[in-house]
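Topology and contacts: notes
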Amino acid sequence: MNQSWVAFLPLFVKAAGITIWLSWLALMIGAFGGTLIALMRTSRFLPLRLVALLYTEFFRSIPILIVLFFAYFGVPLVLGIDLPPFAAATCALALHASSTMSEVVRAGIESVGKGQWEAAHASGMRYPAIMRYVVGPQAIRVILPPSVGVYVATLKESSLASIIGYIELTKTGLLVRESTGGGFAPLLVLAVIYFLINYAISLGGAALERRFDVGQKFLTVGAGQ
Amino acid sequence: MTGPILEIDTLVKRFGSRTILDGLTMSVHPGEVVCFVGPSGTGKSTLLRCVNGLEDIQGGEIRFEGEKVEARSKRIVAVRKRIGMIFQQFNLYPHLTALENVVLAPVVVHGEARKEVEARARVLFEKVRLSHRIDAYPAQMSGGEQQRVAIARSLAANPHLLMFDEPTSALDPETVGDVLAVMRDLALEGRTMLVVTHEIRFAADVGTRMVFMDQGRIVEDRPPRDMLADPSTERAKRFLSSIQG
Ligand SMILES: Nc1ncnc2c1ncn2[C@@H]1O[C@H](COP(=O)(O)OP(=O)(O)OP(=O)(O)O)[C@@H](O)[C@H]1O
Ligand SMILES: [Mg+2]
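On a predicted model such as this, the values are computed, not experimentally measured, just so you know.

Another aspect to go through is the overall build of chain A. Across its full length, chain A carries eight helices and zero strands. Its helices and strands in sequence order give chain A the pattern α-α-α-α-α-α-α-α, from N to C terminus. Judged by the C-alpha coordinates and their principal axes, chain A covers about 70 × 45 × 25 Å. Per-residue burial over chain A gives 45% buried out of 225 residues. Intrachain contacts of chain A at a sequence separation of at least 6 include 76% that bridge at least 24 residues. For chain A, the accessible area works out to roughly 11400 Å², and carbon and sulfur atoms hold 72% of it. Positive and negative side-chain charges in chain A, numbering 16 and 10 respectively, have mean positions lying 7 Å apart.

Below, the discussion takes up the pattern of salt bridges. Counted under the stated rule, the structure contains 29 salt bridges over all chains. Between Asp 56 of chain B and Arg 72 of chain B there is a salt bridge, with the nearest N and O atoms lying 3.6 Å from each other. A residue pair is termed long-range when its members are at least 10 positions apart, and Asp 56 of chain B in the loop between helix H1 (44–51) and strand E4 (59–64) and Arg 72 of chain B in the loop between strand E5 (67–68) and helix H2 (76–80) qualify at 16 residues. Asp 205 of chain B is the salt-bridge partner of Arg 225 of chain B, the closest N and O atoms lying 3.3 Å from each other. Of the two residues, Arg 225 of chain B sits in helix H8 (residues 224–229) while Asp 205 of chain B sits in helix H7 (residues 200–206), which places them 20 residues apart along the sequence. The structure contains a network of salt bridges with shared partners spanning Arg 41, Glu 57, Arg 60, Glu 103, Arg 106 and Glu 110 of chain A.

Further remarks concern the site of ligand 1. Residue and element names in this part refer to chain B. Around ligand 1, the neighbouring residues are Phe 15, Arg 18, Ile 20, Pro 39, Ser 40, Gly 41, Thr 42, Gly 43, Lys 44, Ser 45, Thr 46 and Glu 166. Considered on its own, ligand 1 offers 630 Å² of accessible surface; in the complex 63% of this is hidden by protein. Elements with a minimum of two residues in the shell around ligand 1: strand E2 (18–28) and H1. By residue number, the principal contributor to the shell around ligand 1 is H1, which donates three residues.

What follows covers helix H6 (residues 127–157) of chain A. Taking 1.5 Å per residue as the helical rise, H6 of chain A with its 31 residues ought to reach 45 Å, whereas the 36 Å between its terminal C-alpha atoms falls clearly short. At Val 135 of chain A, H6 of chain A is bent by approximately 55°, the largest bend along its length, and proline Pro 137 of chain A sits one to four residues beyond.

A few words now on empty space enclosed by the protein. Taking a probe equal in size to a water molecule and rolling it over the atoms shows the remaining empty space. Applying the stated criterion to the full structure yields two cavities of 30 Å³ or more. As a volume, the largest cavity reaches approximately 160 Å³. Lining of the largest cavity is provided by 16 residues; of these, Ala 122 and Ser 123 of chain A together with Gly 84, Arg 153 and Ser 154 of chain B occupy positions nearest its centre. Residue assignment for the lining of the largest cavity shows that the elements contributing at least two residues are helix H5 (114–122) of chain A together with strand E6 (83–86) and helix H5 (143–155) of chain B. For the lining of the largest cavity, the class distribution of residues is nine nonpolar, four polar and three charged. Counted as a void, the second largest cavity has a volume near 30 Å³. Lining the second largest cavity we find Ile 64, Leu 68, Ala 89, Ala 92, Leu 93, Ser 158, Leu 160 and Ala 161 of chain A. Those elements that place two or more of their residues in the lining of the second largest cavity are helix H3 (64–79) and helix H4 (85–110) of chain A. Among the elements that take part in the lining of the second largest cavity, H4 of chain A stands out by supplying three residues, more than any other. Across the lining of the second largest cavity, the residue classes tally to seven nonpolar, one polar and no charged.

This part covers the sheet that holds E6 of chain B. Residue and element names in this part refer to chain B. Spatial strand order, E6-E7-E8-E3-E9-E10: six strands in an open sheet with mixed pairing. At either end of the open sheet lies a strand with only one pairing partner, and these are E6 and strand E10 (217–222). When the angles between neighbouring strand axes are averaged without regard to direction, this sheet yields 15°. The pairing of strand E7 (residues 161–165) with strand E8 (residues 193–196) spans four bridges and is parallel. If you follow Leu 162 over to E8, its bridge partner there is Met 193. Across the sheet, H1 is in contact with strand E3 (33–37), E6, E7, E8 and strand E9 (209–214); its angle to E7 comes to roughly 150°. In this fold helix H9 (residues 234–243) packs onto E3, E9 and E10, with an angle of close to 105° to the strand it touches most, E9.

Space inside the largest pocket adds up to approximately 1100 Å³. Arg 44, His 121 and Tyr 127 of chain A together with Arg 72 and Arg 80 of chain B are the residues nearest the centre of the largest pocket, which is lined by 26 residues in total. Elements represented by at least two residues in the lining of the largest pocket include exactly H5 and H6 of chain A together with H2 of chain B. Ranked by residue count, the leading element in the lining of the largest pocket is H5 of chain A, at four residues. Residues that form the lining of the largest pocket fall into these classes: eleven nonpolar, five polar and ten charged.

Moving on to unusual backbone geometry. All names here are of chain B. At Thr 10, a residue that is not glycine, the phi angle is positive and equals roughly 40°. Mapped onto the elements, Thr 10 comes out in strand E1 (residues 6–15). The phi dihedral of Gln 215 is positive, around 50°, even though this residue is not glycine.

Within the element layout of this structure, Glu 100 of chain B appears in helix H3 (residues 98–108). Under the relative-accessibility criterion, Glu 100 of chain B is labelled partly exposed at 30%.

So, about the interface of chain A and chain B. The interface of chain A with chain B comprises 24 residues on the first partner and 25 residues on the second. When the two sides are added together, the surface that chain A and chain B hide from each other amounts to roughly 2100 Å², 61% of it contributed by carbon and sulfur. Summed over the shared surface of chain A and chain B, the number is one salt bridge. Linking Glu 118 of chain A and Arg 49 of chain B is a salt bridge whose minimum nitrogen-to-oxygen distance equals 2.6 Å. Applying the counting rule to chain A against chain B returns six residue pairs in polar contact (both at pLDDT 80 or more). The residue inventory of the side of chain A that touches chain B, partitioned by class, reads eleven nonpolar, eight polar and five charged.

Analysis parameters
Residues numbered from 1 in each chain as written. Chains lettered and ligands numbered in written order. Predicted model: local features only at pLDDT ≥ 70, side-chain atom pairs only at ≥ 80, totals over all residues. Heavy atoms only, no water. Helix = DSSP H or I, 4+ residues; strand = E, 2+ residues; numbered from the N terminus. Buried < 20%, exposed > 50% of the residue type's maximum accessible area, 1.4 Å probe, protein only. Contact = heavy atoms within 4.5 Å. Areas by Shrake-Rupley, 256 points an atom, 1.4 Å probe, with all protein chains shown as cover. Lys, Arg positive; Asp, Glu negative; His and termini not counted. Charge placed at Lys NZ, Arg CZ, Asp CG, Glu CD. Salt bridge = Lys/Arg side-chain N within 4 Å of Asp/Glu carboxyl O. Near = heavy atom within 4 Å. Expected span 1.5 Å × (residues − 1). Bend = angle between axes of the 7 residues up to and from the residue. 1 Å grid on protein atoms, 1.4 Å probe; cavity = no way out; pocket = protein on both sides within 12 Å on 5 of 7 lines; lining within 4 Å. Points joined across faces, edges and corners; volume = space filled by probe spheres on them. Nonpolar A, V, L, I, M, F, W, Y, C, P; charged D, E, K, R; others polar. Pairing = 2+ DSSP bridges. Axes fitted to C-alpha atoms, helices over the stretch in contact; angles between N-to-C directions. Buried area = accessible area lost by both parts, 1.4 Å probe. Polar contact = N/O pair within 3.5 Å; in protein donor to acceptor, adjacent residues only side chain to side chain.

In structure tokens form, the structure reads like this:
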């Protein structure tokens, strides 16, 4: 078996790229959806708040694998359209990520003190402008660090896509293992690659935080009022 | 004689079942500097917040420059554009420099050209004596400096009325004087001002009227020196002697 897995290394690299792309896409869609849900959660209107709460709790409470099965097996049955494995995996991961991100974004919005809203309202600004110029820029500094964690989690969860036969990193490792006689090495390679990717993301996230100056300068005074 | 800029008619404000402002009536004419004093929890802040629609009201009516103030109406923005508000806690935007704090609303709300607003902002920073701090972030400034930036911010939109809610209460004693000096200049310019304050000296020197409030009502409304020399009610007398220490 030892001649072989090294020969498959380019395949592993390509599969790692697929996994990174799949989870990045899911994170981006999840962040967008999560932001919408968070805006609903923090809105003045009770029905919007309830819908958002239900959505968040629902997708937080059911296993991603079940959502994945629904997307892959259920959607064709109900809607009569086949989702390819990639689309099904993206959907399932994005739905889950959006429920996590909605809580992250909500915490960010709520970290901005009431005084900021009041000052902005008093100056005649309306909600969209307040979000864009006053609350958003302050919230982002609270949102960013846990978002990195959500990306790492999504990336790990993306290995579930192997179950519906989507050839991402985990599936690639399993296929290589099969064709090289079932050894231990391919699994180890898998683990190392996941570790390297996620460690790199964490480092990148830390650098990003420093650039955004999280917890520095301005958050000390005035922000909480 | 021009008409009043602000008319408050039997204003009622409740939070839940608690009545905070209880049929309050007063009007303010251009150029007046009205100082509000009174015990804590009396509704002074709430009154200011009703005037620019930060709070909705349960009864009576508020008119600003002839226009009805309704917190939930879309027209409230038009009212707020003409009223500057200064808070006890400054509420500067911490992610923006002093200059950006001042420039934001005129650009975003009033749609003015950034260049023009910046030029005007620089003049305002001279007025509040902070030209050297224009690029500082709020966290890098003292409380007194922050409050003067907040005053500049409220002036940037050329408001017709300025409302101050205990502007010096959160400040170190050394910096109180700088803020009061700026407010005095504004009063001398003939600005119309509502000032909630415990600075009795300031009220006596600068105020044209002193309103003593207690339990959601106006108890006395007189020229400051008259009231200070001889409060006509027992409650005002007790309160004023307590804060003059
Ligand atoms: N959002 C709110 N919900 C419920 N009660 C409130 C709210 N805001 C203020 N109150 C109550 O209204 C009353 C008047 O408050 P307000 O802040 O207007 O008093 P104040 O005269 O400004 O007092 P202070 O001198 O302490 O600032 C207080 O009893 C306060 O608890
Ligand atoms: Mg108050």
